[in-house]
Amino acid sequence: MKIALLGYGKMGKVIERIALERGHEIVLKKDESNTYEGIEKADVAIDFSVPMVAVENISTAINQGIPVVCGTTGWLEQYDEVVELCQEKNGAFLYGSNFSLGVNLFFELNDYLAKMMARFSSVYKVSMEEIHHTQKLDSPSGTAISLAKGVIENSNYTSWTEETATENQIHIDAKRIENVPGTHSVYYSSDVDFIEIKHVAHNREGFALGAVLAAEWIVGKNGVFSMKDVLDLK
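Undergrad: So what about a nonpolar patch on the surface? Which residues, and what values?
TA: Together, Val50, Met52 and Leu137 make up an exposed nonpolar region whose accessible area comes to about 320 Å². Looking at the secondary structure, you find methionine 52 in helix 2 (residues 51-63).

Undergrad: Explain the packing of aromatic side chains residue by residue, including any values.
TA: Following the criterion strictly, the structure yields 8 aromatic pairs and no others. Relative to phenylalanine 194, the ring of tyrosine 187 has its centre 5.2 Å away and its plane inclined at 35°; by these criteria the two rings are tilted. Relative accessible area serves as the criterion here: at 48%, phenylalanine 194 is assigned to the partly exposed category. What links up through ring pairs into an aromatic cluster is the set Trp75, Tyr79, Phe93 and Tyr95. Taking the ring centre of tyrosine 8 as reference, the NZ or CZ of lysine 13 above it sits at 4.2 Å. In this structure, lysine 221 packs its charged tip against the face of tryptophan 217, placed 4.3 Å from the ring centre.

Undergrad: How would you explain a negative patch on the surface if you had to name every residue and give the values?
TA: A contiguous patch of negative charge, built from Glu77, Asp80, Glu81, Glu84 and Glu88, is present on the exposed surface. Given the relative accessible area of 54%, glutamate 84 is considered exposed.

Undergrad: Any chance you could break down the sheet that holds strand 9 (residues 182-189) for me, citing the residues and the numbers?
TA: Judged by pairing direction, the sheet is mixed, and its 5 strands sit side by side in the order 7-8-6-9-10 without closing on themselves. Every other strand in the sheet has two partners, leaving strand 7 (159-161) and strand 10 (194-201) as the edge strands with one partner each. Sheet twist, expressed as the average angle between the axes of neighbouring strands with direction ignored, equals 20°. Bridge count between strand 6 (residues 125-132) and strand 9: 7 bridges; the pairing is antiparallel.

Undergrad: Any chance you could break down the sheet that holds strand 3 (residues 44-47) for me, citing the residues and the numbers?
TA: Across the sheet, which stays open at both edges, the 6 strands sit in the order 2-1-3-4-5-11 with parallel pairing between neighbours. Each of the sheet's edge strands pairs with one partner strand only, and the pair in question is strand 2 (25-30) and strand 11 (223-225). The average angle at which neighbouring strand axes cross in this sheet is 15°, direction not considered. Looking at chain direction, strand 5 (residues 92-95) and strand 11 are connected through 3 bridges and run parallel. Paired with phenylalanine 93 across the strands is valine 224, a residue of strand 11.

Undergrad: Go over the pattern of salt bridges, please, and point to the residues and values.
TA: Evaluated as defined, the whole model comprises 9 salt bridges. Here glutamate 16 and lysine 29 are joined by a salt bridge, their closest N and O atoms 3.2 Å apart. Of the two residues, glutamate 16 sits in helix 1 (residues 10-21) while lysine 29 sits in strand 2, which places them 13 residues apart along the sequence. Residue arginine 176 pairs with glutamate 130 through a salt bridge whose shortest N-O separation is 2.9 Å. Of this pair, arginine 176 sits in strand 8 (residues 169-176) while glutamate 130 sits in strand 6, and the two are 46 residues apart along the sequence. Using a relative accessible area of 0% as the deciding quantity, one classes glutamate 130 as buried. Where salt bridges share partners, they join Arg17, Glu21 and Glu205 into one cluster.

Undergrad: Let's hear about the environment of arginine 17: which residues, and what values?
TA: Following the sequence through the fold, arginine 17 ends up in helix 1. Accessibility expressed as a relative area gives 34% for arginine 17, which makes it partly exposed. Spatially, the C-alpha atoms of arginine 17 and glutamate 205 are 9.9 Å apart, while their sequence positions differ by 188 residues.

Undergrad: Please provide a residue-by-residue account of the side chain of threonine 183, values included.
TA: Mapped onto the secondary structure, threonine 183 falls in strand 9. Setting aside residues up to four positions removed in sequence, threonine 183 forms contacts with Glu129, Glu130, Ile131, Lys198, His199 and Val200.

Undergrad: Report on the environment of valine 126, specifying residues and quantitative values.
TA: Tracing the backbone through its elements, the reader meets valine 126 in strand 6. For the pair valine 126 and lysine 29, spaced 97 residues apart in sequence, the C-alpha separation works out to 41 Å. Excluding residues within four positions of it along the chain, valine 126 makes contact with Val151, Tyr157, Ile170, His171, Val186, Tyr187 and Tyr188.

Criteria and thresholds
- Residues numbered from 1 in each chain as written.
- Predicted model: local features only at pLDDT ≥ 70, side-chain atom pairs only at ≥ 80, totals over all residues.
- Heavy atoms only, no water.
- Patch = residues over 30% accessible without salt bridge, like charges linked within 9 Å, V, L, I, M, F, W, Y side chains within 5 Å.
- Areas by Shrake-Rupley, 256 points an atom, 1.4 Å probe, with all protein chains shown as cover.
- Salt bridge = Lys/Arg side-chain N within 4 Å of Asp/Glu carboxyl O.
- Helix = DSSP H or I, 4+ residues; strand = E, 2+ residues; numbered from the N terminus.
- Phe/Tyr/Trp six-rings, centres within 6.5 Å; stacked < 30°, edge-to-face > 60°.
- Buried < 20%, exposed > 50% of the residue type's maximum accessible area, 1.4 Å probe, protein only.
- Lys NZ or Arg CZ within 6 Å of the ring centre and 35° of its normal.
- Lys, Arg positive; Asp, Glu negative; His and termini not counted.
- Charge placed at Lys NZ, Arg CZ, Asp CG, Glu CD.
- Pairing = 2+ DSSP bridges.
- Axes fitted to C-alpha atoms, helices over the stretch in contact; angles between N-to-C directions.
- Contact = heavy atoms within 4.5 Å.

Here it is, written out as structure tokens:
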């Protein structure tokens, strides 16, 4: 399989290594200093860039009929535009706020716990914490937002905030600490006890492997997908 890497930072380099180990070929390593030359050779594109160029990267690939797997966060206000373009071009697009197998299982656990705890909303208050490396540009993380949405969809909470939370809001405490790949915690606190579920990433390997697996999976497909489809978690 021929892969175009749209974004060649730390994650892009780990994805490149894992893709090569799995027998794939890299036909483009796109960063801010080069063009899209070579993308036309790709069977699939993987975007781990930055929020301000993600939509351009995704659109360029879709317009050339190339399936896209995107792990860049912080651009989702334009998500509907990308979905519309994908449908218009009969393309294939998969966005994931986190490609780690463990995190996607954690998403499922979060949804299940939220459903159970919704019955006790008068007793327990939900809050969240996420910690990432200092180079991460968006705050809170896409993973934290996905976790918050999971709680909102399964409870009486209506929104999340980084500020002081109202009764129906989930507070997300976003921290940036050097050399932390990603830690996410969901808390349920009451006057008498405290429940916590937590995922800690040790390195970027799990994110990169998941992205490559998603790229392998999406080739030959049409539509808009998520890691639930790749991992058959629906």
